[in-house]
Amino acid sequence: MWLICRVWRHVVRGGDFVIDATCGNGHDTLALAKMVCTESRKGLIYGMDVQQSALQNTSCLLDSTLSPNERQHVRLFPLCHSRMEDILPKGLSARLVAFNLGYLPGGSKELITRSETTLLALDAAAKVLGSGGLISVMSYIGHRGGREEYETVRSFATKLPTTTWVSSEYEILNRPSGPVLIFLFRR
Ligand SMILES: C[S@@+](CC[C@H](N)C(=O)[O-])C[C@H]1O[C@@H](n2cnc3c(N)ncnc32)[C@H](O)[C@@H]1O
């Protein structure tokens, strides 16, 4: 989280439109809301999750942390991220699309993100991302299906054309079983 937020802060500015593709307990949604809502400019955050309980947790966290003015700039959707294009405002490019894959901390370990829909969602994210934007993926390999999903994300990243994308991967060497971070920067 520490590293990922530092990278996001280099990309995201007040007034930007950003997407949290996996809201979970809302920590990433909150961090993004703080980045796009500044004194002078208020951006827009779209968050989504397939679990109603995750959206409730996110909503509670936002309600108790953000000002009412900031809170109205966050919209939450009970939706699979592979369908993000269905709800996005027409003509608005995203500055950042964040994926934090795996299962809801504190929830069922059976309800996890899956390679097939993650791949469709990455395709959709690449379409809605504006120039200078970032797709950020935190991928866990410790749970069942996690390594296969990581390989899927990695394969997607390696196939992006170098004329328009810079794909990179960060592994935390002093935390060997920790998540792998994949950053896809759009030129
Ligand atoms: C690791 S958690 C996200 C953590 C979250 N970003 C946070 O800050 O607390 C992964 C979340 O992805 C959600 N998820 C699983 N499949 C999904 C899908 N197809 N579309 C959107 N969200 C999905 C899960 O319900 C879970 O809440």
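Scope of this entry: the structure provided in the associated data block. Everything numeric here is computed off the predicted structure, so don't read it as measured data.

Definitions and limits used
Residue numbering note: each chain is counted from 1, following its sequence as written. The model is predicted, so local features are restricted to residues of pLDDT at least 70 and side-chain atom pairs to those at 80 or more, both for listing and for counting; the totals for chains, interfaces and linings are taken over all residues. Side-chain metrics in this entry use all non-hydrogen atoms of the structure; hydrogen atoms and water are not considered. Nearness of a residue to a molecule or strand requires only that one of the residue's heavy atoms be within 4 Å of it. N or O atoms closer than or at 3.5 Å make up a polar contact, with two conditions inside protein: a donor-capable atom paired with an acceptor-capable one, and, for residues adjacent in sequence, both atoms drawn from side chains. Reported accessibility uses the Shrake-Rupley method at a 1.4 Å probe radius. Residues are deemed covered only where the shown protein chains occlude them. Three classes are used: nonpolar for Ala, Val, Leu, Ile, Met, Phe, Trp, Tyr, Cys and Pro, charged for Asp, Glu, Lys and Arg, and polar for all others, with Gly counted as polar. Here a strand is any run of E in DSSP of at least two residues, a helix any run of H or I of at least four, and the numbering for each starts at the N terminus. Note on definitions: a residue-residue contact is assigned when non-hydrogen atoms from the two residues lie within 4.5 Å. At least two bridges found by DSSP between two strands are what make those strands a pair. Axes here mean lines fitted to C-alpha atoms, for a helix over just the part in contact, with angles spanning 0 to 180 degrees between N-to-C directions. Here, a salt bridge means any side-chain nitrogen of Lys or Arg that lies within 4 Å of a carboxyl oxygen of Asp or Glu. The classification of residues rests on relative accessible area computed with a 1.4 Å probe and restricted to protein chains. Under 20% of the type maximum is buried, over 50% is exposed, and intermediate values are partly exposed. Residue types Ala, Val, Leu, Ile, Met, Phe, Trp, Tyr and Cys, when buried and joined through side-chain atoms within 4.5 Å, form a set referred to as a nonpolar core.

**Observations regarding the site of the ligand**
Right, on to step 1. Around the ligand there are 22 residues in total, and Thr-22, Asp-28, Asp-49, Gln-51 and His-81 lie nearest to it.
Right, on to step 2. Within the backbone of Gly-26, a nitrogen or oxygen atom sits 3.5 Å from an oxygen atom of the ligand.
Right, on to step 3. A distance of 3.2 Å separates an oxygen atom of the ligand from a polar backbone atom of His-27.
Right, on to step 4. Out of a free accessible area of 600 Å², the ligand has 95% covered by protein chains.
Right, on to step 5. Its residues assigned to classes, the shell around the ligand shows 10 nonpolar, 10 polar and two charged.

**Looking at the side chain of His-73**
Right, on to step 1. With respect to the helices and strands, His-73 occurs in the loop between helix H4 (68-71) and strand S3 (74-78).
Right, on to step 2. Polar contacts involving the side chain of His-73 include one to the main-chain carbonyl oxygen of Gly-43, which spans 2.9 Å.
Right, on to step 3. Apart from residues lying up to four places away in sequence, His-73 is in contact with Cys-37, Lys-42, Gly-43, Leu-44 and Ile-45.

**Overview of the sheet that holds strand S2 (residues 44-49)**
Right, on to step 1. Read from one edge to the other, the open sheet built from seven strands follows the order S3-S2-S1-S4-S5-S7-S6, with strand pairing classed as mixed. At either end of the open sheet lies a strand with only one pairing partner, and these are S3 and strand S6 (165-171). On average, each strand axis in the sheet is inclined to that of its neighbour by 15 degrees, with strand direction left out of account.
Right, on to step 2. Here six bridges tie strand S4 (residues 94-100) to strand S5 (residues 129-139), and the two strands are oriented parallel to one another.

**Description of the pattern of salt bridges**
Right, on to step 1. One pass over the full model with this rule turns up eight salt bridges.
Right, on to step 2. Asp-63 is paired through a salt bridge with Arg-71; the nearest N and O atoms lie 2.7 Å apart.
Right, on to step 3. Among the ionic pairs, Asp-86 bridges to Arg-83, the shortest N-O distance being 3.0 Å.
Right, on to step 4. Judged by its relative accessible area of 45%, Arg-83 falls in the partly exposed class.

**Regarding the nonpolar core**
Right, on to step 1. Grouped together as the largest cluster of nonpolar side chains are 32 residues, with contacts concentrated most on Ile-19, Met-84, Val-97, Phe-99 and Ile-135.
Right, on to step 2. Contributions of two or more residues to this core are made by strand S1 (17-20), S2, S4, helix H5 (115-128), S5, helix H6 (146-159) and strand S7 (180-186).
Right, on to step 3. With six residues, the single largest contributor to this core is H5.
Right, on to step 4. If near-sequence neighbours (up to four positions away) are discounted, Ile-19 is found in contact with Leu-32, Tyr-46, Met-48, Met-84, Leu-88, Ala-94, Leu-96, Val-97, Ala-98 and Val-128.

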